[in-house]
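Each chain, letter by letter, is given below.
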Amino acid sequence: MDLRQDLGGTVDGLMPELKAILGQLVSIPSIAFPDYPKANVRRAHDLVAEELRKSGVGEIRVLDLPGTSPVIYGRIPAPEGAPTALLYGHYDVQPSGDESLWHTPPFTPTEQDGAIYGRGAADCKANVVAHIGALRASGGKPPVGVTVVIEGQEEYGSVFDDYPAEHPELFQADALLICDAGNIRAGQPTLVTALRGVADVFVEVRTLAAPVHSGQW
Ligand SMILES: [Zn+2]
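One structure accompanies this document, and this report is about it. The shown structure was predicted, so the numbers you read here are calculated from the model rather than taken from an experiment.

Reading the values: rules and limits
- Residues numbered from 1 in each chain as written.
- Predicted model: local features only at pLDDT ≥ 70, side-chain atom pairs only at ≥ 80, totals over all residues.
- Heavy atoms only, no water.
- Helix = DSSP H or I, 4+ residues; strand = E, 2+ residues; numbered from the N terminus.
- Expected span 1.5 Å × (residues − 1).
- Bend = angle between axes of the 7 residues up to and from the residue.
- Buried < 20%, exposed > 50% of the residue type's maximum accessible area, 1.4 Å probe, protein only.
- Contact = heavy atoms within 4.5 Å.
- Axes fitted to C-alpha atoms, helices over the stretch in contact; angles between N-to-C directions.
- Parallel < 35°, antiparallel > 145°, perpendicular 65-115°, else oblique.
- Left-handed = near helix turned anticlockwise from the far one by under 90°.
- Nonpolar A, V, L, I, M, F, W, Y, C, P; charged D, E, K, R; others polar.

**Looking at helix α1 (residues 7-26)**
In step 1: Counted at 1.5 Å a residue, the expected span for α1 with its 20 residues is 28 Å, and the 27 Å between its end C-alpha atoms agrees.
In step 2: The principal kink in α1, of about 45°, is found at Met15, preceding the proline Pro16 by one to four residues.
In step 3: Of all the positions in α1, only Leu14, Leu18, Ile21, Leu22, Gly23, Leu25 and Val26 are classed as buried.
In step 4: Buried residues in α1 make contact with α2 (38-53), β5 (115-117) and α3 (121-137).

Below, the structure is given as structure tokens:
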């Protein structure tokens, strides 16, 4: 399949099924915080894994790491000589908080003015569905190798903070798409190419034993 041929039309044609998947995902309260039912996290996991499977990701397995929700890890091997892209996202969400403050019920996906509202619709379930849509638009045979990593405990924190750095071979890729960020404005897809890092600095200062007057000392 030549991806350049009417890719926009292909994506338009996929939109109803992609929106349906997003709706199903948003209706699952996949909150990975303690004291919330783990079964919902599992349901979201199973749905994402199944939809990826239907999108051409043949090799799917679970990284069942201690202290975190199951991580979906899938691969489509690169065609000869082609680079590999890693697609990241997460299927868990923040708790809804006080539901009376919501304009629409948090776990009932509600379409208003062309946008779908619900907990996790933007962060990060639509991004997961974007991966699924991209794979489907390529007929499940993208022109590059694809590694898919969808974790299930991003919002609460997990061993995934350290695991990729300790097991880099699983995450080796020519480009990483960390699709867990918003757009600069609604309707305008946004690609962020760099973020500031974080640096911890300890500054040690030695002072006089007591304050002294600036004019006299
Ligand atoms: Zn997120």
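**A short note on the packing of α1 against α3**
In step 1: Two elements in contact, α1 and α3, have axes separated by 9 Å at closest approach and are oriented at 140°. As the angle between them shows, α1 and α3 are arranged oblique. Crossing of α1 against α3: the hand is right-handed. Residues Leu7, Thr10, Val11, Leu14, Glu17, Leu18, Ile21, Leu22, Leu25 and Val26 of α1 lie in contact with α3, whose contacting residues are Ala121, Lys125, Ala126, Val129, Ile132, Gly133, Arg136 and Ala137.
In step 2: Among the residues forming the contact of α1 with α3, the class breakdown is 13 nonpolar, two polar and three charged.

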